[in-house]
Structures are given as C-alpha cells and as structure tokens.
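# Chains, contacts and geometry: an overview
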Amino acid sequence: MAGEQTHCNQVEQFILLAKNAKGPALISLINQVLEAPGVYVFGELLQLPCIQKLSEGPNDGYSQLLNMFAYGTYHDYKALKSSLPPLSEAQKNKLRQLTIVSLAANTQMIPYSVLLRDLEVASVRELEDLVIEAVYAEVIQGKLDQVRQQLEVDGCIGRDLPVEGAAYIADTLQQWCCSCESISDSIEKEVVRVSQCRKNHLQALQQIQTEIGDIRRLIQANPSTSIQTMESIVEQEGEGAKVGSSLGAEQRRQPSLDMFSKGKNPVPPRN
C-alpha cells in the first residue's frame, strides 16, 4: 500500500509539471517519467492536451514512445526502433520489466526461453538479475525456478488499459454479474427447500410427540396394560401400514386400541 501511495504521488507531480511544459521542457519531462523508479502507468499523462499535441508535430516519436511504455513491450519497441527515440539503460530496464508484467498477466509459469526471447537479454544470469530487480521493485511477485528454468509468478502490478480493451472487460464483468445472479437464485431455492424440509420434520416430530402422549394417557387409564403389550400394538400397527393386507390375519389376533380405550382387557387368542 505504501508503494502504491508513493507511485500516485509521483504521477501527480509529473502531471502538474507537464501541464505547463512545452517544447524541449516537455520532452525532457517525458524522459524523466520513463526513467523514474516506481512509475509504471502513464494513462493520465497521455490524456493531457500538451502530450496529445506532440503527435501533430516533429516530436511525434516521444508521444509514440510514451504509448509504448503504457501499452507495449520491449519486443514491440525493437520492431519500431527506427521511428522512435533511443532508450537509456534505465528506460530499457523499465520497459523490460513492463514486458514481464504483460507475460505474467497471461500465465503463472514463464519459461526462461520465452523471457530470453521477449526481453532480448544475452544470458540467463542477466535475465535472473533483471527478474530479481523487478521483484525488489514490487513489479511482480514470484520466484525463479533454476532447476525447471522458469519464473513462477504469484502476482504483478496492473498496466494501462487500452481503449479497445474496455469493451472486453465490460463484457467479462457482465458475465460475472450474470453468474452471480444465477448462483444467488440457486441459493435462494436451496434455502426454500431446506426451510420446507425443516417444517416437514417439525410437523412429523410434533405428530410423533402427540401419538406418544396419547399412548401414555391410554396406559394411565388402563394400569393393567403392560408396556410390552403397548409396544407390540405399536409395532404391529407400523408393520400393518407397511405390508397391508398380508398381515391382516395376524393383526386380528392382537387387541386393538379401541378395546383399551373402553377399559377392556385383551382376550388371548384361542389355540
């Protein structure tokens, strides 16, 4: 967070200076911005009228160079090197660091071979020094895997977003919102289902408690009735509800609850 605040302060200072700069002073300011440690976004500078006017005059190359640092890579610069101003060593390192950020935004494992090609460095040692410098500058978070010859990326800073990229982000956010709404609807349906299941469970529990109360009152009203006899009655009625008429003959041998409710003792079956 402290690094982000420092970056914001630096950008604001350059913006204030650029508003009143013209000609060589503006060119010098652009070079300072491109070399300044901790400054990695340039969109606000590109929106300044004085910067936009550069594209209409002989210093158009500096406007393109600022755009290159905002949206491009070191490989892009090399492709257009003949039409752009030369870079200092500090500017080369920064553009290479921004190139690593662009690669890190698309993959978490970047092979050394890809880095060597896109950064155009001469050796693995130089490449590793450049990556370590980027990590210390908090441009990226990750580590070098020298055994597998790759950079393992945990995170990176954000770069400037080109205008044509805004539509893609808006579409992605819209899809995300639709997914969130779908998940929210599913959660609401699940809540309703669980609530209904709970309601049914409570009703079933209440019915069981009511039946237990009825049996207790029946036992109290007929002291001669044993608990075992009542359990056999309950078990028989439960089995009868499951198997139906197949146990009808067996059920007729057992005393019914009506007999107990009238104060009668069960009559044992005849052999």
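Look a little higher up for the structure.
Here we summarise the structure given alongside this text. Values in this document were obtained by computation on a predicted structure and should not be read as measured data. (Residues numbered from 1 in each chain as written. Predicted model: local features only at pLDDT ≥ 70, side-chain atom pairs only at ≥ 80, totals over all residues. Heavy atoms only, no water.)

## Considering the packing of helix H2 (residues 23–35) against helix H7 (residues 89–104)
The interhelical angle for the contact between H2 and H7, taken along N-to-C directions, is 55°, at an axis separation of 8 Å. Taken together, the axis directions place H2 and H7 in an arrangement best described as oblique. Judged by residue contacts, Asn-31, Val-33, Leu-34 and Glu-35 of H2 engage Ala-90, Gln-91 and Lys-94 from H7. A class-by-class count of the residues in the contact of H2 with H7 yields 3 nonpolar, 2 polar and 2 charged. (Axes fitted to C-alpha atoms, helices over the stretch in contact; angles between N-to-C directions. Helix = DSSP H or I, 4+ residues; strand = E, 2+ residues; numbered from the N terminus. Parallel < 35°, antiparallel > 145°, perpendicular 65-115°, else oblique. Contact = heavy atoms within 4.5 Å. Nonpolar A, V, L, I, M, F, W, Y, C, P; charged D, E, K, R; others polar.)

## Section: a nonpolar patch on the surface
On the surface, a cluster of nonpolar side chains totalling about 420 Å² of accessible area is made up of Leu-161, Tyr-168, Ile-169 and Leu-173. The topology assignment puts Leu-161 in the loop between strand S3 (150–156) and helix H10 (163–221). (Patch = residues over 30% accessible without salt bridge, like charges linked within 9 Å, V, L, I, M, F, W, Y side chains within 5 Å. Areas by Shrake-Rupley, 256 points an atom, 1.4 Å probe, with all protein chains shown as cover. Salt bridge = Lys/Arg side-chain N within 4 Å of Asp/Glu carboxyl O.)

## So, the pairing of strand S2 (residues 140–145)
Relative to S3, S2 is paired through 6 bridges, and the arrangement is antiparallel. Each bridged residue has a counterpart across the sheet, and for Asp-145 the counterpart in S3 is Gln-150. With antiparallel pairing between neighbouring strands as the criterion, S2 and S3 make up a hairpin whose turn holds 4 residues, including Gln-149 at a positive phi of roughly 55°. (Pairing = 2+ DSSP bridges.)

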